[in-house]
Amino acid sequence: MPGNAAIAKAIEGLMRGRMAVPGARPDVLVGLAGRGIQLSRSPDMHEREAARLGLSCAYVLIDFDAIGLADDDLRAAIDAAALFGFHGLNITYPFKQSVMPLLDVIDADATAIGAVNTVVFGQRRTGHNTDCWGYAKSFRAAMSGAALGHVVLVGAGGAGSAVSYALVALGARRISIVDADVSRARTLAARLGGAGISALAVADIGTALADADGVVNTTPVGMAKFPGTPFDTRHLHSSQWVSDVIYFPQETELLRQAQALGCRTLPGIGMAIGQAARAFELFTGRAADLSAMERHFEAAA
């Protein structure tokens, strides 16, 4: 495991490499901490939106895989980013829950959800969750009329927690939660039950899908690093909708197979754009334009 000084040096190198003008501090300095994130379009979305608003921005990918960090190095990475004057960090897989004990303050929404994807630095390090808003916004825009009587949620981690609360806000009446870690699924189900929704941890996804209106994948399975599908798509039928929070690749294997079966599908693009827009506002105090962020996302391709 690298020492704190080595971690700080690695992050400083990433920061300097991302600056448009070497040695010139940008108006906005932010980043993304996670694993397998080299294909992320967050840098382009944030930097292009900042430029549209007349600000300079450097958005740094702190990829724990690329720079050889262990999960336990998260605290040192956050400390280094704060030391170098970052305005904040986005947080992604696998740190959306493990980051919470490392922060000074967690806002009410993120506390209820049990996951943080945006950390703002200042006198205190404050955690927020913009994933929930981003998913709900995307679903409303693209899935009008989709039934929400019974939804299967695959994955009870940080993204799963955010999506589950978005589903509640959208009007879901029953949520079945499937996770390889059954205790984690039960914990999320209990939290949702406390929020007044019928939620149950289930072990057999085939049984859960039999009468489901739709299913959301919030696991990393389908990313370039974890190819494949999170469950056997033979359990799906054409009257169901299928959603994936992954956006790189844009069309996951799950969505491809679901489309072939005739299912209505929702890719992770809308959530990615929505959460980025809200995070941008938290970092800068300036409202991002969703339409502009969508153009930035496409331009990044």
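Please refer to the structure higher up on the page.
Residues numbered from 1 in each chain as written. Predicted model: local features only at pLDDT ≥ 70, side-chain atom pairs only at ≥ 80, totals over all residues. Heavy atoms only, no water.

Colleague: Where do I start with the packing of helix α2 (residues 42–52) against helix α10 (residues 269–284) in this structure?
Modeller: The relative placement of two packed helices comes down to the angle between their axes together with the axis-to-axis distance. The N-to-C vectors of α2 and α10 enclose an angle of 50 degrees; their axes lie 10 Å apart at closest approach. Accordingly, the angle class assigned to the pair α2 and α10 is oblique. Relative to α10, the crossing made by α2 is right-handed. For the pair α2 and α10, the contacting residues are S42, M45, H46, E49 and A50 in the first and A272, I273, Q275, A276, A279, F280 and F283 in the second. Tallied by class, residues from the contact of α2 with α10 come to eight nonpolar, three polar and one charged. (Axes fitted to C-alpha atoms, helices over the stretch in contact; angles between N-to-C directions. Helix = DSSP H or I, 4+ residues; strand = E, 2+ residues; numbered from the N terminus. Parallel < 35°, antiparallel > 145°, perpendicular 65-115°, else oblique. Left-handed = near helix turned anticlockwise from the far one by under 90°. Contact = heavy atoms within 4.5 Å. Nonpolar A, V, L, I, M, F, W, Y, C, P; charged D, E, K, R; others polar.)

Colleague: Where do I start with the environment of F95 in this structure?
Modeller: Inspection of the secondary structure assignment puts F95 in the loop between β3 (88–91) and β4 (105–106). Along the backbone, F95 and G157 are 62 residues apart, and their C-alpha atoms lie at a distance of 9.3 Å.

Colleague: Looking at this structure, I do not really get the environment of H237. What am I missing?
Modeller: On the secondary structure map, H237 appears in the loop between β10 (214–217) and β11 (241–244). Along the primary structure H237 and R184 are separated by 53 residues, whereas in three dimensions their C-alpha atoms are 28 Å apart. Once residues lying within four places of it in the same chain are set aside, the contact partners of H237 are L209, A210, A212 and C263.

Colleague: Could you clarify how one ought to interpret the pairing of strand β2 (residues 57–63) in this entry?
Modeller: Consecutive residues of a regular strand have side chains that alternate between opposite faces of the sheet. Taken across its seven residues, β2 has seven buried, putting it largely inside the fold. Neither face of β2 is open: one carries C57, Y59, L61 and D63, the other A58, V60 and I62, and all of them are buried. Bridge count for strand β1 (residues 28–34) against β2 is seven bridges, and the pairing is parallel. The residue bridging V28 from the neighbouring strand is C57, located in β2. Viewed along the sheet, the connection from β1 through α2 into β2 turns out right-handed. (Buried < 20%, exposed > 50% of the residue type's maximum accessible area, 1.4 Å probe, protein only. Pairing = 2+ DSSP bridges. Right-handed = clockwise from strand over helix to strand, strands pointing away.)

Colleague: Looking at this model, I keep getting lost on the packing of aromatic side chains. Mind explaining?
Modeller: What characterises a pair of aromatic rings is the spacing of the ring centres plus the angle enclosed by the ring planes. As enumerated under the stated definition, the model contains six aromatic pairs in all. Their ring planes at 55 degrees and their centres at 5.4 Å tell us that Y247 and F297 sit as a pair that is tilted. With Y247 in the loop between β11 and α9 (253–260) and F297 in helix α11 (residues 290–300), this pair connects stretches of sequence that are 50 residues apart. Owing to a relative accessible area of 10%, Y247 belongs among the buried residues under this scheme. Using a relative accessible area of 0% as the deciding quantity, one classes F297 as buried. Taken together, the aromatic side chains of Y135, F139 and W241 make up a single cluster linked through ring pairs. The ring of F121 is capped by R125, whose NZ or CZ atom sits 5.9 Å from the centre of that ring. A cation over an aromatic ring shows up here: R278 above the ring of W133, its NZ or CZ 4.7 Å from the ring centre. (Phe/Tyr/Trp six-rings, centres within 6.5 Å; stacked < 30°, edge-to-face > 60°. Lys NZ or Arg CZ within 6 Å of the ring centre and 35° of its normal.)

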